[in-house]
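Structural description and commentary
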Amino acid sequence: MGNVRVRFAPSPTGYLHIGGARTALFNWLWARKNEGSFILRIEDTDLKRSREEALGSILDSLRWLGLDWDEGPEKGGPAGPYFQSERIELYRQHAERLLASGRAYHCYCSPEELTERREAMRREGKAPRYDRRCRDLTPEERRALESAGRRSALRLKVPDTGTTVVRDVIRGQVSFDNSSMDDIVIMKSDGMPTYNFACVVDDATMGITHVIRGEEHLSNTPKQLQIYEALDLRPPVFAHVPMILAPDRSKLSKRHGATAVEEFREDGYLPEALVNYLALLGWSPEGGEEIIGRAQMIEQFDLDRISKTAAIYDIKKLTWINGHYLREADLEVVVDLMLPRLKRRGLADESQRGYLRDVIVAVRTRVRTLTELEDAVSYYFTDDFPYEEKGSRKYLLKDGVADLLREAAQCLAAVPDDHFTVEGTERAYRQLIADLGITGGKLIHPTRMALTGRTVGPGIFDVISLLGKRRVLERLNKAIDWVEAQREEP
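Remember, it's a predicted structure, so these values are computed and weren't measured experimentally.

1. A look at the packing of helix H1 (residues 18-33) against helix H9 (residues 271-279)
One can describe the packing of H1 onto H9 by two numbers: an axis separation of 9 Å at closest approach and a directional angle of 85 degrees. When the axis of H1 is compared with that of H9, the two are roughly perpendicular. Side by side, H1 and H9 meet where Ile 18, Ala 21, Arg 22, Leu 25 and Phe 26 of the first sit next to Val 275, Leu 278 and Ala 279 of the second.

2. Observations regarding the packing of aromatic side chains
The full count for this structure, using the stated rule, is nine aromatic pairs. Measuring from ring centre to ring centre gives 5.3 Å for Tyr 355 and Phe 381, while their planes differ by 70 degrees; the resulting arrangement is edge-to-face. One end of the pair, Tyr 355, is in helix H13 (residues 353-363); the other, Phe 381, is in the loop between helix H14 (370-378) and helix H15 (389-396), with 26 residues separating them in the sequence. Measuring from ring centre to ring centre gives 5.8 Å for Tyr 429 and Phe 461, while their planes differ by 85 degrees; the resulting arrangement is edge-to-face. In this pair, Tyr 429 sits in helix H17 (residues 422-436) while Phe 461 sits in helix H19 (residues 460-467), placing the two residues 32 residues apart along the sequence. A relative accessible area of 0% places Tyr 429 in the buried class.

3. Re the nonpolar core
Residues Leu 25, Leu 62, Met 338, Leu 373, Tyr 380 and Leu 476 are the most contacted members of the largest nonpolar core, which totals 113 residues. Ranked by residues supplied to this core, first place goes to H1 with nine residues. Residue contacts for Leu 476: discarding those within four places in its chain leaves Leu 405, Ala 408, Ala 409, Leu 412, Thr 447, Ala 450 and Leu 451. If you look at the next biggest cluster of nonpolar residues, it comprises 31 residues, including Ala 104, Val 166, Val 200 and Leu 231.

4. Let's talk about the pattern of salt bridges
In the structure shown here, the tally under the stated rule is 43 salt bridges. One salt bridge in this structure joins Arg 103 and Glu 229, with 3.0 Å as the shortest N-O distance. With Arg 103 in the loop between helix H3 (88-100) and strand S3 (104-107) and Glu 229 in helix H7 (residues 221-230), the pair connects residues that are 126 residues apart, well separated along the chain. A relative accessible area of 21% means that Arg 103 is categorised as partly exposed. For Glu 229, a relative accessible area of 48% gives the class partly exposed. Here Arg 129 and Asp 182 are joined by a salt bridge, their closest N and O atoms 3.9 Å apart. With a gap of 53 residues between them, Arg 129 in the loop between helix H4 (111-123) and helix H5 (139-147) and Asp 182 in the loop between strand S6 (172-177) and strand S7 (185-187) connect regions that are remote in the sequence.

5. Notes on H9
In an α-helix, one turn spans 3.6 residues; hence positions three or four apart end up facing the same way. For H9, a buried count of eight out of nine residues is recorded, marking the element as mostly surrounded by other parts of the structure. Looking only at H9, the buried set comprises Pro 271, Ala 273, Leu 274, Val 275, Asn 276, Tyr 277, Leu 278 and Ala 279. Buried residues belonging to H9 abut H1, helix H2 (52-65), helix H8 (261-266), helix H10 (294-300), strand S11 (311-312) and helix H11 (315-328).

6. Observations concerning H1
Helix length check: H1 (16 residues) gives 22 Å between terminal C-alpha atoms against 22 Å at 1.5 Å per residue, within 8%. For H1, the buried fraction is high: 13 of the 16 residues fall into the buried class. Looking one or two places after H1, you find Glu 35, whose phi comes out positive at around 55 degrees.

7. Some points on the sheet that holds S3
Strand pairing in a sheet is mediated by backbone hydrogen bonds. Such pairs are either parallel or antiparallel. With respect to topology, three strands assemble into an open sheet ordered S3-S4-S7, the strand pairing being antiparallel. Since the sheet does not close on itself, it has two edges, and those belong to S3 and S7, each with one partner. Each strand of the sheet is rotated relative to its neighbour by a mean of 45 degrees, with strand direction disregarded. Relative to strand S4 (residues 153-156), S3 runs antiparallel, the two being bridged by four bridges. Across the sheet, His 106 pairs through a bridge with Leu 154, a residue of S4.

8. A closer look at the environment of Ala 362
Looking at the element boundaries, Ala 362 is found in helix H13. For the pair Ala 362 and Asp 462, spaced 100 residues apart in the sequence, the C-alpha separation amounts to 7.1 Å. Once residues lying within four places of it in the same chain are set aside, the contact partners of Ala 362 are Pro 458 and Leu 466.

9. Remarks on unusual backbone geometry
Following Gly 80, the chain continues to Pro 81 via a peptide bond in cis, the omega torsion being 0 degrees. One can find Pro 81 in the loop between H2 and H3. Of note, Arg 132 is a non-glycine position whose phi angle comes to about 65 degrees, a positive value. Along the chain, Arg 132 turns up in the loop between H4 and H5. Residue Arg 132 is classed as buried on the basis of its relative accessible area, which comes to 14%. With a phi close to 70 degrees, Arg 249 is a non-glycine residue in the positive phi region. Tracing the chain through its elements places Arg 249 in the loop between strand S10 (244-245) and H8.

Rules used in this analysis
Residues numbered from 1 in each chain as written. Predicted model: local features only at pLDDT ≥ 70, side-chain atom pairs only at ≥ 80, totals over all residues. Heavy atoms only, no water. Axes fitted to C-alpha atoms, helices over the stretch in contact; angles between N-to-C directions. Helix = DSSP H or I, 4+ residues; strand = E, 2+ residues; numbered from the N terminus. Parallel < 35°, antiparallel > 145°, perpendicular 65-115°, else oblique. Contact = heavy atoms within 4.5 Å. Phe/Tyr/Trp six-rings, centres within 6.5 Å; stacked < 30°, edge-to-face > 60°. Buried < 20%, exposed > 50% of the residue type's maximum accessible area, 1.4 Å probe, protein only. Core = buried A, V, L, I, M, F, W, Y, C linked by side-chain atoms within 4.5 Å. Salt bridge = Lys/Arg side-chain N within 4 Å of Asp/Glu carboxyl O. Expected span 1.5 Å × (residues − 1). Pairing = 2+ DSSP bridges.

Shown next as structure tokens:
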């Protein structure tokens, strides 16, 4: 394949959501697969809604996902500038070409007039569309309107017969009846380009070979093809990827949970896991793998393997994938990710790095996200935690539990410091259980509640060993006092 050039063109009006991230990933994969160029273009002509902080968030999210761009903001490149707001003169030049060739015309209709006419068409049972009344104005009529203070937009003359055929890699040929299309506005009366016009000019002048985007843009494509034809430009290859729907097949929204890349990052997902998951939303690797690394993705990615049907957002699958990557991640990397989270809560600092490493080894097979990991390690770093209500009723607030915990404290206090290990404490505990003539659970479950406040976690002797003798005895005695206080209450 020739020099593949693809682009991702977000608007800096909000966060990078998973639909946009998936589009960026598919473009990035196609560029890397073909040793081409991945271009980042910022569509910021909506000056009222564009925000600097939104741009920063989008760039940070792409970097976090590892989707490096070859040309664009912060990098430059031969096809710049890469902000649409800096390319206005280029759009005007192309608009002038269309005016000079007779393919475009000035439209002086106000928004209010257009709305009124469309409403009248609806009342008559007609499809609302522009009635083209400015299409054949004489020079005198134009001068009169301009003298009256009318500002004009520019419209493209669209044929009112025939069809426009979109040839799409994923969807095949899709035909659109020209008679159903308005004469497209290409430049608004304020001098700014419309989305479709700027998109065509940018893609053409940046040498974009493939436009890979969401299927919601399919309806824009016949309009863009009309602009390509009017400008005598060759269109790129189009590939419209399926929508991402919620589990109930409705439109994905905030009510279905996190949808922005920043939210997933804050919720404790790893970039490798999110990229893996996004790749599977509409694309399938040759072997049907659920876990697929970036290098393998690049090798296998093909537009022909993108599905036509909607992808279903499944947070459970993402979380399962994330659990795999969290378990397989380099331990020092996990420590680096966890320290800032614990520092924010005042639980740990760099001096406790070694201890944190040991704690993570004990708990990370049971967790699926960094947020879950943060919760799972928290009781190792603070003695101030509540006892789970259900577990308390089941394991602490039973007759005789305070006496059992006293026996446990005396048993562990007698273990020499140099034997206060997993093996040493288990040996002592097993002997106590035998001496008392009880089942292991009768002592181990209350002990777990006393030491962690929870009913589940790592092996109890791993917990005891990691906490150390002083803290174990303090927590046992604190639990004894709590149990007795609860039992004394009327």
